[in-house]
Amino acid sequence: MKRLLIAAALLLPLAATAAPEAPADKALIERGRYISRAADCVACHSIEGSAPYAGGLPLESPFGTIYGTNISPDKEHGIGNYTADDLYRALTQGEKPDGSKLYPAMPYTSYHLITREDSDALYAYLMSREPIPKASPQTSLTFPFNLRFGLAFWNMLYKNRVQMQPAEGKSEEWQRGQYLVEALGHCGECHTPRNALGALQQDQRMEGGVLLGYLAPSLKAEALAARGWTTDDLATFLKHGISAQGTVFNEMYPVLHHSLQYLPEVDHQAMAVFLMGDQPPAPATIATRPLAELTASAQAGRQEYLNLCAGCHGAQGQGIPHVAVAMAGNTTLRQEDSRNLLRVIDDGIREQQFTGFERMQPMPGFQHDLDDERMRDLLNYLRQTWGGSPGDIGMESVSQLRSEKVH
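Residues numbered from 1 in each chain as written. Predicted model: local features only at pLDDT ≥ 70, side-chain atom pairs only at ≥ 80, totals over all residues. Heavy atoms only, no water.

By the naming in an unreviewed UniProt entry, the protein goes by Cytochrome c and is assigned to Pseudomonas tohonis.

In structure tokens:
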């Protein structure tokens, strides 16, 4: 959903250079409210329990901590002196009004595709809000990444590498979904791996990236279908945060909470059509494998599952409505990379409120209950029984994942 890469963080207090423009009409402001939600601005510019858009959220990165800034119309600490031109330049060029560069945690590498009309609507909405006189903490990066002038070279190499795919022969729904996914939603900022300088590796676009110790999985159509997704299920997931394949968690939960649930259903469908394609691949079906067909490690993991998991997820992996998701058909179990499954078992998941009356109870973490051997067995049981995995995860893989420093 959001820490470093998936939200719009205008990273340091923004300089004042010009007088604000005249108030906008209600229709433009409402359009701007929609753009703010589609672009998920509030997730990086707000702290839980504090005023929206007032900044202060720490965004962890391999280079240090960046703080989402105040983008309320406060003249001292926010963007109250910005013009519409200033905001458009910040969004699309990564520049503050004084010409200094923004760090690319503010995803201008994707936002450069935003139309001027949508930027102006966003400006109208932000300027209509109550000013919040609150300063953001100072960003703290390690040398040499704290030298902002180096961003000029970085931008020459990477700033505008995200481009729209050719739309020839594509449906209007696909084209609308492309704009929502690639520009406003900036999904590739998390679901694309990055190089040593923090730039998106465009030759692996949407093939998945590691963020804060979790994998933002591949959003390529073939990979989605291999994990059991259909276009309709994906649209449901984007709207409600829950589907037959599981629920959103970790960094996707704020994306749902602040952004996706408020979009119209035609947007969810358009995003799903873009990701799956106008002619989507058939979803893979995976049958539950009986215990006798599992490896010795996986068979040993059956007891770990009964001890720790079955009370909520069911002895046969059927799940319990409003309590815990089913294991059968769960998309996380189908990922070749076991990172997310291990992290969820170790870290747990907070209680989650979805749309309507749907919710899931909190899941405790079991990091201190499972040593590496028992974790290996449990992972192998889950992945082989319901995930279609043909073989074991080794002890070295479990130890490596657990030893990795989370960034």
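Participant: When you look at the domain arrangement of the protein in this model, what are you seeing that I'm missing?
Facilitator: Frequently, the measure chosen for interface size is the accessible area that the parts lose on association. The assigned domain composition of the protein is domain 1 (23–159), domain 2 (172–276) and domain 3 (291–403). When each unit is reduced to the centre of its C-alpha atoms, the spacing between domain 1 and domain 3 is 38 Å. (Domains from an automatic or database assignment.)

Participant: Would you mind showing me how to read the UniProt feature "domain: Cytochrome c" (unreviewed entry) in the protein here?
Facilitator: Those places that UniProt annotates as "domain: Cytochrome c" (unreviewed entry) correspond, in this numbering, to residues 27–130 and 296–386. Secondary structure content for residues 27–130 is 41% helix and 8% strand, and the end C-alpha separation is 18 Å. End C-alpha atoms of residues 296–386 are separated by 16 Å, and the span's content is 45% helix alongside 4% strand. (UniProt positions renumbered as here; feature names shortened; annotations may be inferred. Helix = DSSP H or I, 4+ residues; strand = E, 2+ residues; numbered from the N terminus.)

Participant: Honestly, unusual backbone geometry in this entry has me stumped. Any pointers?
Facilitator: Keep in mind that most residues, glycine aside, have a negative phi and that most peptide bonds are trans. The phi torsion at D40 lies on the positive side, around 60°, for a residue other than glycine. Summarising the element assignment, D40 is placed in the loop between helix 1 (26–38) and helix 2 (41–44). With a phi close to 70°, Y53 is a non-glycine residue in the positive phi region. You can see Y53 is positioned in the loop between helix 2 and strand 1 (58–61). Residue Y53 is classed as buried on the basis of its relative accessible area of 6%. (Buried < 20%, exposed > 50% of the residue type's maximum accessible area, 1.4 Å probe, protein only.)

Participant: How should the environment of E265 be read in this particular structure?
Facilitator: On the secondary structure map, E265 appears in helix 12 (residues 265–276). Note on E265: relative accessible area 56%, which makes it exposed. Put simply, E265 and L238 are 27 residues apart on the chain and 9.1 Å apart in space, counted from C-alpha to C-alpha.

Participant: Help me out: how do you make sense of the packing of aromatic side chains in this one?
Facilitator: Centre-to-centre distance and the angle between the planes together describe a pair of aromatic rings. The full count for this structure, using the stated rule, is 9 aromatic pairs. Taken together, a centroid distance of 6.1 Å and an interplanar angle of 75° make the contact between Y53 and Y125 edge-to-face. Residue Y53 is found in the loop between helix 2 and strand 1, and its partner Y125 is found in helix 5 (residues 116–128); the two are separated by 72 residues along the sequence. Ring geometry for Y214 versus F249: centroids 6.3 Å apart, planes at 65°, classification edge-to-face. Taken as a pair, Y214 in strand 5 (residues 214–216) and F249 in the loop between strand 7 (246–247) and helix 11 (252–258) lie far apart in primary sequence, 35 residues in all. Among the residues examined, Y214 registers a relative accessible area of 9% and is labelled buried. Each residue in the set Y305, Y381 and W386 is aromatic and connected to the rest through ring pairs, giving one cluster. Of note, K170 hangs over the ring of W174, and the distance from its end group to the ring centre comes to 5.1 Å. (Phe/Tyr/Trp six-rings, centres within 6.5 Å; stacked < 30°, edge-to-face > 60°. Lys NZ or Arg CZ within 6 Å of the ring centre and 35° of its normal.)

Participant: When you look at helix 3 (residues 84–93) in this model, what are you seeing that I'm missing?
Facilitator: Each α-helix turn comprises 3.6 residues. Residues three or four places apart therefore point the same way. Residues of helix 3 that are buried: A84, D86, L87, A90, L91 and T92. Lining the buried residues of helix 3 we find helix 4 (108–111) and helix 5. (Contact = heavy atoms within 4.5 Å.)

Participant: Can you help me understand the environment of G319 in this one?
Facilitator: Mapped onto the elements, G319 comes out in the loop between helix 14 (310–313) and helix 15 (339–347). Sequence-wise, G319 and C309 are 10 residues apart; in three dimensions their C-alpha atoms are separated by 9.9 Å. Beyond its immediate chain neighbours, meaning those up to four positions away, G319 contacts C312, H313, G314, A324, V325 and A326.

Participant: Any chance you could explain the nonpolar core here in plain terms?
Facilitator: Side chains that are nonpolar tend, in soluble globular proteins, to be buried together. Within the largest apolar cluster, 86 residues are counted, with the highest numbers of intra-cluster contacts made by Y305, I345 and L382. For this core, the element with the highest residue contribution is helix 12, accounting for 7 residues. Residues within four places of Y305 in sequence aside, it is in contact with A310, H313, G314, A315, G317, M327, L378, Y381, L382 and W386. If you look at the next biggest cluster of nonpolar residues, it comprises 9 residues, including C44, L57, L59 and Y103. (Core = buried A, V, L, I, M, F, W, Y, C linked by side-chain atoms within 4.5 Å.)

Participant: How should the UniProt feature "binding site: heme c 2" (unreviewed entry) in the protein be read in this particular structure?
Facilitator: Per the UniProt entry, the sites bearing "binding site: heme c 2" (unreviewed entry) are C187, C190 and H191 in this numbering. With respect to the secondary-structure elements, C187 resides in the loop between helix 7 (172–184) and helix 8 (188–191). For C187, a relative accessible area of 18% gives the class buried. Those residues within four positions of C187 in sequence are excluded, and the remaining contacts are V181, M206 and L219. Looking at the element boundaries, C190 is found in helix 8.

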